[in-house]
Amino acid sequence: MNKVRVFVNGKEYQTTSGMTILDLCKRENIFVPTLCYHPDLSTKGICRVCVVEVEGSKTLQASCSTPLSDGMKITTSSEKIRRARKTVVELLLANHYTDCTTCHKNLKCELQDLANLYGLTDLRWKEKRERTVKQDFSSPVLVRDNNKCVLCQRCIRACNELQGVYAIANLFKGDSTIVGSAFNSPLGEVVCINCGQCVAHCPTGALYEKYFIEDVWKAIDDPDKVVVIQTAPAIRAALGEEFGYPPGTRVTKKMATALKLMGFDYVFDTQFAADLTIVEEGYELLNRLKKALVDKENVALPMMTSCSPGWIKFQEHFFPDLLPNLSTCKSPQQMFGAVLKTYWAEKMKVSPENIVSVAVMPCTAKKFEAIRPEMADSGFQDVDYVLTTRELAAMIKQAGIDLKDLEESNFDDPLGVSTGAGTIFAATGGVMEAALRTAYEVVTGREIPFPDLNVVPVRGFENIREASIKIDKTKPEWSFLEGITLKVLVAHGTANAKNVMERVKNKEFDHHFIEIMTCPGGCLGGGGQPLPVTPEKRAARAKAIYEEDLSLAYRKSHTNPSIIKLYKEFLGEPNSHKAHELLHTHYTPRGRY
Amino acid sequence: MARKIDVVFSDIELGKALKKVYEAKPEAVVETVKKSNLRGRGGAGFPTGLKWEMAAKINKFPKYFICNADEGEPGTFKDKLILEKQAPKVIEGMLIGAYAIGAEKGFIYLRGEYKYLYSSLQETIDKLKRDGFLGKNICGKKGFCFDLEIRLGSGAYVCGEETALIESLEGKRGEAKNKPPYPTEEGFLDKPTVVNNVETLAFVPHIIVNGADWFHQFGTEKSAGSKLFSVSGDCEKPGIYEFEFGITIRELLKEVGAAPDTKAVQIGGASGFCASSDDFDKPICFEGIPTGGSIIIFNKSRSMFKVLKNFVEFFQQESCGQCTPCREGCSRMLEGIEKFELGTGSSKTVSDLLSLSETMSLASKCGFGQSVPNSFRTIITKFRDEIISYRGENNE
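Residues numbered from 1 in each chain as written. Chains lettered and ligands numbered in written order. Predicted model: local features only at pLDDT ≥ 70, side-chain atom pairs only at ≥ 80, totals over all residues.

A. Structural detail: the overall build of chain B. Secondary structure assignment for chain B yields 14 helices and 9 strands. Relative to a compact globule of 396 residues, whose C-alpha radius of gyration would be 21 Å, chain B shows 21 Å and is just as compact. With the C-alpha coordinates aligned to their principal axes, the bounding extent of chain B is approximately 70 × 45 × 35 Å. For chain B, buried positions account for 57% of its 396 residues. Looking at chain B alone, contacts between residues at least 24 apart form 71% of all its contacts between residues at least 6 apart. (Helix = DSSP H or I, 4+ residues; strand = E, 2+ residues; numbered from the N terminus. Rg over C-alpha atoms; globule rule 2.2 N^0.38 Å. Buried ≥ 20, exposed ≤ 12 C-beta atoms within 10 Å, placed from the backbone. Contact = placed C-beta atoms within 7 Å.)

Okay, here's the thing in C-alpha cells:
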C-alpha cells in the first residue's frame, strides 16, 4: 500500500492507495449520491449518478470505480457535476413507471430520493413511462416489475456474487436491455432459490416478494379461525428499524405486544422450534457419527444443516449428489408448524383445520418452503402463511400501532418459551454454536468449555469459518467419541457454499458438521429484512442477537422446559419414530435447467 | 499535393522484421515503436509503443496479445481488405508486439460478419505454423513461443471497444469495463493484455524494417505515417485509400472524385464528426479531425436529417445498455430528433438535446457513449435549419 495525497474540493487528504474516490468520500463524510453502487457487491460504475470531476480528465469520472492516485484533484460538487447528475436521474425517471403513491417502495425508493434531491419536478423527455411490460409473477415467491427497473444490476450481482445462482442477467442490448433469465424465460422456470437477495438489493420497486398481508388480516378477522403466529429469531433484531429505532435495537417484547394487539390469538416463538431443531439435529449428528465409527456404516458425512430453505433448494439444484449429507431435520419454521397442528392442537382441543399458522420470517425462501408438498405432516399444510419482516412492519402500521409506544410483554406458553441457543439461529454460525452447546453436553455431561458458552470461533462474518473441539471424558454411551476432535465449518452466502461443496465433493474436508446459511450474515441479513441492507446493519443486528442470547435465562436448547415437556408428553425420545414422522423430511434432486 | 502512398498493401518479406526484432531486446522494440509515434488506427489514436510499454512493465504472466478485427464502425471496411490481402503481415505485427511485451498467446477477434474470412485466416495461421512462424521456438529463436487463435464476435458494435472485446473473448456479455485498471495491467483473464487494431499491426513490420525515422517522413508532426480510409457515398471512386495524415478533406474529396456539390462529409463513422464545406480545408489527423478511417460523402441531394436519424438509430440499438447516459440518452436523442419529423420540434428541442449531449459525452462509462453525441452535435450545428425544418415524407 502506497501513501497517497489527494485533494477533494481543495482540501488535502492523506490515505493509502487501493481506495476509490467514493471510499474516501464516505470515510470523510463528503456526500456523493450513488445508485448502482452497493457495499456488498462488486463495482460496476454504470448508473453514473456518482460522477465527479478529476482535474486533467476531459470527462467526469464515476467516483465508485475510480481509484485514487497520488496528487489527484477531485471536485464533488460543481455546476457541471450537478447538471450531469440531474440529467442522469432525469433519464432514469423518464424510463421508469412512476406510480409512486401506489408503489410498495414509496418513500423507501432510492430513485425517488435522487429525484427529490435534484428537484426533478418536470421531465424534459416525453410523457412518463406507462406500464409497458407485464410483471413476472411466475416465481412462487418473487415478483419482477421491469417497468420500474433502472438496470443498476444490483440484483444480478447479488444473485451471482453473493449467491452463485446466476438466475438473472442483462438481456438484449441498447434500449431493449432488460434484466431477465436465460432465453428470457420467466423467473419461475429457471433455477432460483427464492432467497430474495435480489429484492434486498433492489433500489426501486422493480422487485418484491409475494405478499400475504391481506390473507393474514382476513384470517384474523375470521372469528372461526385460531390464528397463531411464530416469529423467527432474526425479526426481533431488525423490526425496530422500520419504526425508527437504530439498527441493532432489540424489540422482542414490544413485538410480542404488537402481535397481540393486532389480533393474533396466540403469539409464539420460532425459537422454541429452533431449540427443538437443535435437539433433533444434535442427536442426528451423534447417531450418524455412531453409525460411521461404531457400526462402520456408510453414512453421509459431513452432515449439513437444513434450516435455510434457499440453501436447501440450492443444494437440490447444484449438488444433488450431496443431498444425503443434509440433515433430515425440517427447519424450525416447519417443525413449529407440524408441532402446532398436532401436539398443540390436541392439547388445546382445537381442530387443526381451524388453525391458521402464520410465520414471520426474515426470509422470502420460507414462503416457498411452506408450500412444499412434503411440508404437511400434520395432515394439513403445516404453515399457512409466511410474512417477511417488511410485511409484518406494514401490518403493524396498518393496525395503527407504533412499536415505540408499546409496553413489553412475553410470548405465550408453551410454544413461546425458548433459549439463547434458539436466538442465535439468526446469525451465521449460530446454529453451529447452538448445536455444539447441546451436543458437547449430551456427550460429556459437561458444558462446552467456552467462557459464557460463547463459541467465538464460529461467530463473525468471515465467508468461511472453521473450528474444532476435542471431546474427552465422555459419558459411557458415547465412549466411541472419546478423544475425537469434532471439526465443524460454517459458511454463509450460497456462493461461499458452492465453494465449500466443491471441496466436499473433492474430499478436501474431513469435517463432521457444516452449517450453511443462504444469506450473507445468516438470517439477520435475509432477503425479507428491512431495507436497505448494509454490512453495518448486519453487524448491528448480530450484536443485538448475541446480547439477547446472553440476557436469557436458558442458553442451551436441551434445557428449554417446554422442549423437555414436549418430548415427555408427545414425542418420546429425540429422533423417535414420531419425531421422524413430524419433524424430519426428505429432499428432491432438481435439475440445473 | 497528393498524399496518396502505399504502405499497408505493399509487400514486405515475411520474417524480415521478425528476425531484426529477435536480434534486439524487447525493450528496444518498444522503444522503436514509441519513437515512430505510431498511434492506434482504430480511431482513438492511443500511442502503440506506450501501450506495449505499459504491458511489458507488468510482471504478471501469461500475457496476451489481441488483434482487434471487430471492424464495426459504420462506413469502414479497410481491416477486412487488410485481412484478405495482408494477413501474414498483420500476424507478424502481432508476433513483434508479443515479443515486446512477453506474450505467448494471442487472439484475432474477428467481427462476426466477417465469418467468411475465418477459413482463409485459419489457413494462413496453419501455414505460418508449418513454416515456423507460429508455435514453439519461432524462427528458431529459442524460447519464443506464440499460439494464435481466431475468435468470432457475435455482432455487437461495442465489442470493438477493447474492454468489451475482452469481456466477449472471456465468454461474457460484451460490455465495457471500468478503466483503470487498463487491459495492459488487467486484461484477458485479468492478465496483461494488449489490444491493437488490424491496421496498426500492419504498420509494425514496416516500422521495424525501415526504422522510426522512415515512418516520420509521412504525416504530420503529431500524426506520423499514413492511414487507410474507407470511402463511400457520393463520389466517383469509392473504395479504400491510403493517405498520409494531414491530408485535407478537400484534397481527399478530389482524390476520390467527389462531386463539386458535396454538402457534407462524415469523418469517423457514426461516432465521428460531420464536416460541412466550411471545414473542407481542415486536415485529417489526430490534432485535426481524427478518424478511424470511415469517410462518408453526402451530396446536395441528401437529407442530413435522415443521416442524423440513421446514426442515432444505430446507437440506440448498439449501446451495450449498461450505463444510463448512453442507454437512455440514445433513446431520448432519437425521440427528440423524431420530433422534427413530426413537426413538434422547436429550438427548445435543440437546446434540450444539446444539454443531453453534454451529459452523454461527460458522464458515459466508455468511449461509445461519450462519442455518440459527436455526429449529433456537428450535424445540428452545421445543418440546424435543415434539421429543424425537416418534415417527414408523410407530413410533406
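B. Region of interest: the overall build of chain A. A tally of regular secondary structure across chain A gives 18 helices and 17 strands. A globule of 593 residues ought to have a C-alpha radius of gyration of about 25 Å, and chain A, at 25 Å, matches this closely. Considering only C-alpha atoms, chain A reaches an extent of 75 × 60 × 50 Å along its principal axes. Burial analysis of chain A (593 residues in total) assigns 53% to the buried set. Counting only contacts in chain A whose residues sit at least 6 apart along the sequence, the fraction spanning at least 24 positions is 74%.

C. Broad picture of the environment of A:Leu35. Locating A:Leu35 in the fold gives a position in the loop between helix H1 (21–27) and strand E3 (51–54). In this structure A:Leu35 touches A:Cys47, A:Val49, A:Glu110, A:Leu114, A:Val150, A:Cys152 and A:Pro203, once residues within four positions along its chain are discounted.

D. Here's a closer look at the interface of chain A and chain B. Taken together, the contact pairs 27 residues of chain A with 30 residues of chain B. Sort the elements by how many residues they give to the side of chain A that touches chain B and helix H2 (residues 79–94) of chain A lands first, with 7 residues. Residues of the side of chain A that touches chain B, tallied by class, amount to 12 nonpolar, 9 polar and 6 charged. (Nonpolar A, V, L, I, M, F, W, Y, C, P; charged D, E, K, R; others polar.)

E. Broad picture of the nonpolar core. In this structure, A:Val228, B:Val90, B:Leu95, B:Ile96 and B:Leu308 are the most contacted members of the largest nonpolar core, which totals 303 residues. Per-element accounting of this core gives the leading share, 12 residues, to helix H4 (residues 78–101) of chain B. Leave out the neighbours within four places in its chain, and A:Val228 touches A:Phe264, A:Asp265, A:Tyr266, A:Phe268, A:Leu340, A:Ile355, A:Ser357 and A:Val358. (Core = buried A, V, L, I, M, F, W, Y, C linked by C-beta atoms within 7 Å.)

F. Region of the structure containing helix H6 (residues 162–169) of chain B. All names here are of chain B. Here H6 lies mainly inside the structure; 8 of its 8 residues are buried. Among the residues of H6, Glu162, Thr163, Ala164, Leu165, Ile166, Glu167, Ser168 and Leu169 are the ones counted as buried. Following H6 by one or two positions, glycine 171 adopts a phi angle in the positive range, close to 90 degrees.

G. Here's a closer look at the sheet that holds strand E11 (residues 266–269) of chain A. Residue and element names in this part refer to chain A. Pairing within the open sheet is parallel, and its 4 strands lie in the order E11-E10-E13-E14. Because the sheet does not close on itself, it has two edges, and the strands there are E11 and strand E14 (385–388). The sheet shows a mean angle of 25 degrees between the axes of neighbouring strands, taken without regard to direction. Sheet topology places strand E13 (residues 355–361) next to E14; 4 bridges connect them, and they run parallel. Following the sheet pairing, valine 358 is matched in E14 by tyrosine 385. Packing against the sheet, helix H6 (residues 213–221) makes contact with strand E10 (226–231), E13 and E14, and its axis sits at approximately 120 degrees to E14. Against the sheet, helix H12 (residues 389–398) makes contact with E13 and E14, and its axis sits at roughly 85 degrees relative to E14, the strand it touches most. (Pairing = 2+ DSSP bridges. Axes fitted to C-alpha atoms, helices over the stretch in contact; angles between N-to-C directions.)

H. Representation of the domain arrangement of chain B within the structure. Here the domain parsing of chain B yields domain 1 (16–216), domain 2 (226–299) and domain 3 (304–395). Between domain 1 of chain B and domain 2 of chain B, the residue contacts involve 13 residues of the former and 17 residues of the latter. (Domains from an automatic or database assignment.)

I. Structural detail: unusual backbone geometry. Residues and elements named next belong to chain A. Residue proline 302 is reached from leucine 301 by a cis peptide bond, and omega for that bond is -5 degrees. Among the structural elements, proline 302 can be located in the loop between helix H8 (270–293) and strand E12 (303–304). Cis geometry is adopted by the peptide bond preceding proline 414, which originates at aspartate 413 and carries an omega value of -5 degrees. Tracing the sequence through the fold places proline 414 in the loop between H12 and helix H13 (420–423). Positive phi outside glycine occurs at phenylalanine 183, with the angle close to 55 degrees. By the element assignment, phenylalanine 183 lies in the loop between strand E8 (178–180) and helix H5 (197–201). For phenylalanine 183, a count of 8 C-beta atoms within 10 Å translates into the label exposed.

J. Here's a closer look at the pairing of strand E2 (residues 105–110) of chain B. All names here are of chain B. With 5 of its 6 residues buried, E2 lies for the most part within the structure. Strand direction decides the pairing type here: strand E1 (residues 64–69) and E2, joined by 6 bridges, are parallel. Along E2, the bridge assignment pairs isoleucine 66 with phenylalanine 107. A crossover connection joins E1 to the parallel E2 through H4; in handedness this β-α-β unit is right-handed. Note: E2 against strand E3 (residues 147–152), 6 bridges, orientation parallel. When the bridges of E3 are listed, leucine 110 appears paired with leucine 152. Assessed by its sense of winding, the connection that carries the chain from E2 through helix H5 (residues 118–130) to E3 is right-handed. (Right-handed = clockwise from strand over helix to strand, strands pointing away.)

K. Representation of the packing of H2(A) against helix H12 (residues 347–363) of chain B. At a minimum axis distance of 9 Å, the contact between H2(A) and H12(B) shows a crossing angle of 100 degrees. Overall, the two elements H2(A) and H12(B) adopt an arrangement that is roughly perpendicular. Each of A:Arg83, A:Ala84, A:Thr87 and A:Val88 in H2(A) lies in contact with H12(B), whose residues at this interface are B:Ser355, B:Leu356, B:Thr359, B:Leu362 and B:Ala363. Grouping the amino acids of the contact of H2(A) with H12(B) by side-chain chemistry returns 5 nonpolar, 3 polar and 1 charged. (Parallel < 35°, antiparallel > 145°, perpendicular 65-115°, else oblique.)

L. Region of interest: the sheet that holds E12(A). Residue and element names in this part refer to chain A. With mixed pairing, the 4 strands of this open sheet are ordered in space as E12-E17-E16-E15. Each having just a single partner strand, E12 and strand E15 (464–470) make up the two edges of the open sheet. Contacting E15, strand E16 (485–492) and strand E17 (513–517), helix H14 (residues 430–444) runs over the sheet at an angle of about 150 degrees to E17.

M. Molecular detail of the environment of B:Ala87. Residue and element names in this part refer to chain B. By the element assignment, alanine 87 lies in helix H4. Taking the C-alpha atoms as reference, alanine 87 lies 39 Å from serine 357; in sequence the two are 270 residues apart. Not counting the four nearest positions on each side in its chain, alanine 87 is found in contact with Leu121 and Thr124.

N. Structural context of the domain arrangement of chain A. In terms of domain boundaries, chain A breaks down into domain 1 (3–77), domain 2 (92–209), domain 3 (213–272 + 333–405) and domain 4 (281–329 + 418–524 + 548–583). Computed over C-alpha atoms, the centres of domain 1 of chain A and domain 3 of chain A are 45 Å apart.

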